[in-house]
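# Per-entry structural report
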Amino acid sequence: MSGRKKSVKRINLALQGGGAHGAFTWGVIDALLEDGRLAFEAISGTSAGAMNAVVLADALHQGGPDLAREKLEDFWFAISREGALGLSPIQADILDRMFSFWPMPFSGSGFLSQFSSLSSPYEFNPLNINPLRDVLERLVDFERVRACRQVKLFIAATRVRDGKITLFRHENLTADAVLASACLPYLFQAIEFDGEAYWDGGYSGNPALFPFFTETKSEDILLVQINPIERQEVPRTPQEIVERVSEITFNASLLRELRAIDFVNRMIDEGRLDEASYRRNRLHRVDATEALAGYSASTKLDTSRRFFEDLKQRGRSAAQAFLAEHYDSIGTRATLDLRAAFS
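Here's what I pulled together on the structure shown here.

What counts and how
Residues numbered from 1 in each chain as written. Predicted model: local features only at pLDDT ≥ 70, side-chain atom pairs only at ≥ 80, totals over all residues. Heavy atoms only, no water. Helix = DSSP H or I, 4+ residues; strand = E, 2+ residues; numbered from the N terminus. Buried < 20%, exposed > 50% of the residue type's maximum accessible area, 1.4 Å probe, protein only. Contact = heavy atoms within 4.5 Å. Areas by Shrake-Rupley, 256 points an atom, 1.4 Å probe, with all protein chains shown as cover. Core = buried A, V, L, I, M, F, W, Y, C linked by side-chain atoms within 4.5 Å. Phe/Tyr/Trp six-rings, centres within 6.5 Å; stacked < 30°, edge-to-face > 60°. Lys NZ or Arg CZ within 6 Å of the ring centre and 35° of its normal.

So, on to the overall build of the protein chain. Assigned secondary structure in the protein chain consists of 14 helices and 8 strands. Taken across its 343 residues, the protein chain has 56% of its residues classed as buried. By sequence separation, contacts in the protein chain at least 24 residues apart represent 75% of the contacts at least 6 residues apart. On the protein chain, roughly 15,200 Å² of surface is accessible, and the fraction owed to carbon and sulfur atoms is 50%.

Following this line, the structure appears as structure tokens:
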């Protein structure tokens, strides 16, 4: 792009949750910021996607793309095994389990594993220790995020009382809201505030796409999808079975929304819906499935900085490939065929 003025296009960014897979998303964002041809009108994020979203939005507001890249690196180092060296054994183990690929309630060899298979977090974690709060409050100025008008934020959490999705927008965003979006119910007590209790947003919106339809102008949505839709082999071990159930559960809400988008787009194409009342949405995707397919089961509990850096590089490569192939299509046509991919 040297010597040429960059043509900047505004998009909406949708970031899935999924433990350490979020470091792949970090790499995607890093490459998009470095490239500089996409601007984010709004970001929807869940769990690890919510963390990437708030760190990104705060740093963009404070200092722009270069600072955002720096702050995202600081965040992923802070939650890595090396970054957790100053924590107590139980704090370090909580972070380790939280950012494993699929944190399992009955697996692992750390301090908590002997308790968590026999009791609830209200028993084995009565003080509700969550070292992520300290990391977020150290790296993110939530008062600045609430004042930000540069990027809209939509952070999803699941209301325990009725299982419905709750969206926290930038104007009312707090550390508690982000912790609610990442509250794994077998590891943490429900996050309670304003008279409600919340669990991980992945159960109800991973990530939520519907706020883009009415609260933004951009018709282009870039989904960073880190949970595989398909697996060819039938899982057989207890851990494989629970992991696959988790993948299916945490993709269900996204699949429903993608099918709804496809339905509305088809109705508009057929003249059965008025474009003055309904909006077409163009979907694009950076998919982690192929990039992460080669990891063995033994790496799924790896939260080392080296491993996060490897995931980041894979995310960067995937984003660069997406831009090379699809940048010209943004703003004119979808590059993700929803019917072929999800019907």
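Let's shift gears to the environment of Arg305. As for its position among the elements, Arg305 is in helix 13 (residues 305-326). Between the C-alpha atoms of Arg305 and Arg81, which are 224 residues apart in sequence, the distance is 6.7 Å. Here Arg305 is in contact with Glu73, Phe77, Ser80 and Glu82, once residues within four sequence places are set aside.

This part takes up the nonpolar core. Residues Phe24 and Phe75 are the most contacted members of the largest nonpolar core, which totals 73 residues. Residues in contact with Phe75, not counting those within four places in the same chain, are Met51, Val55, Leu132, Val135, Leu136 and Leu139. By size, the runner-up hydrophobic cluster in this structure holds 18 residues, among which are Leu167, Leu254, Leu258 and Ile261.

As a further point, take the packing of aromatic side chains. On inspection of all chains with the given rule, the structure shows 8 aromatic pairs. With centroids separated by 5.5 Å and ring planes inclined at 90°, the aromatic side chains of Phe75 and Trp76 adopt a geometry described as edge-to-face. For Phe75, a relative accessible area of 0% corresponds to the buried category. Taking the relative accessible area as the measure of exposure, Trp76 reaches 1% and is therefore buried. Centroid distance Phe193 to Tyr198: 5.2 Å. Interplanar angle 35°. Geometry classified as tilted. For the residue pair Phe193 and Tyr198, the accessibility class agrees, reading buried in each case. Pairwise contacts between aromatic rings join Trp26, Phe75, Trp76 and Phe308 into one cluster. Positioned above the aromatic ring of Tyr327 is the side chain of Lys9, whose terminal nitrogen or guanidinium carbon lies 4.3 Å from the ring centre. A cation sits over an aromatic face here: Arg37 above Tyr327, 4.2 Å from the ring centre.

Time to look at unusual backbone geometry. Cis geometry marks the peptide bond from Asn206 to Pro207, where omega comes out at -10°. Examined against the element boundaries, Pro207 turns out to sit in the loop between strand 6 (196-200) and helix 10 (210-215). Even without a glycine there, the phi angle at Ser47 is positive, about 55°. Positive phi, close to 55°, is recorded for Asp194, a residue that is not glycine. Within the secondary structure, Asp194 is located in the loop between strand 5 (191-193) and strand 6. Note on Asp194: relative accessible area 73%, which makes it exposed.

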